[in-house]
Amino acid sequence: MRGLKQALYILHRLEEGQDNDQIIQEFDGDSQLVQFWTNFLVHNHWIKNNELGEMTVTGKGRLWIRKYEN
């Protein structure tokens, strides 16, 4: 995977309920790469931390998922 596809992959996995540790495992343990894309997603308001400190997909993030699924 390259570039924005990696960010969208993470976004989709978060929407499915996976946590950060599970996503890192899918990236062969590359926590820096996952953190980079997670920061990108937060900065662009595609994800946010909820009151429990969990990452959740925002409405804007869901729109991007739908856009790139088609």
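In this report, the structure presented in the accompanying data block is examined. (Residues numbered from 1 in each chain as written. Predicted model: local features only at pLDDT ≥ 70, side-chain atom pairs only at ≥ 80, totals over all residues. Heavy atoms only, no water.)

Side chains that carry opposite charge are capable of pairing whenever their charged atoms lie near each other. One pass over the structure, following the stated rule, counts four salt bridges. Between E16 and R13 there is a salt bridge, with its nearest N and O atoms 2.8 Å apart. Judged by relative accessible area, which is 17%, R13 ranks as buried. A salt bridge links E26 to R13; the nearest nitrogen and oxygen atoms lie 3.5 Å apart. Of this pair, E26 sits in helix 2 (residues 20-26) while R13 sits in helix 1 (residues 4-15); the two residues are 13 residues apart in sequence, bridging distant segments of the chain. A relative accessible area of 34% places E26 in the partly exposed class. Taken together, the salt bridges that share partners define one network made up of R13, E16 and E26. (Salt bridge = Lys/Arg side-chain N within 4 Å of Asp/Glu carboxyl O. Buried < 20%, exposed > 50% of the residue type's maximum accessible area, 1.4 Å probe, protein only. Helix = DSSP H or I, 4+ residues; strand = E, 2+ residues; numbered from the N terminus.)

Here the phi dihedral of D28 falls at roughly 55°; this positive angle occurs in a residue that is not glycine. Looking at the element boundaries, D28 is found in the loop between helix 2 and helix 3 (31-43). A residue is classified by how much of its surface remains accessible, and D28, at 76% relative accessible area, is exposed. The phi angle at H45 is positive, at roughly 65°, despite the residue not being glycine.

This next bit is on the packing of helix 1 against helix 4 (residues 59-69). Two elements in contact, helix 1 and helix 4, have axes whose closest approach is 10 Å; the angle formed by their N-to-C orientations is 115°. In terms of crossing hand, the pair formed by helix 1 and helix 4 is left-handed. On the side of helix 1, the interface is formed by L4, L8, L11, H12 and E15, while helix 4 contributes G61, R62, W64, I65, R66, Y68 and E69. Looking at the contact of helix 1 with helix 4 residue by residue, the classes come out as six nonpolar, two polar and four charged. (Axes fitted to C-alpha atoms, helices over the stretch in contact; angles between N-to-C directions. Left-handed = near helix turned anticlockwise from the far one by under 90°. Contact = heavy atoms within 4.5 Å. Nonpolar A, V, L, I, M, F, W, Y, C, P; charged D, E, K, R; others polar.)

With that out of the way, let us pick up helix 3. At 3.6 residues per turn, the α-helix brings residues three or four places apart onto the same side. With 13 residues, helix 3 extends 18 Å from end C-alpha to end C-alpha; this agrees with the ideal 18 Å at 1.5 Å per step. Taken together, the buried positions of helix 3 are occupied by V34, W37, T38 and L41. Buried residues along helix 3 cover an arc of 105° about the axis, so they all sit on one side. Opposite the buried face of helix 3, at more than 90 degrees from it, the exposed residues are Q32, F36 and H43. On its buried face, helix 3 sits against helix 1, helix 2, strand 1 (47-49) and strand 2 (55-57). (Expected span 1.5 Å × (residues − 1). Arc of directions from axis to C-beta.)

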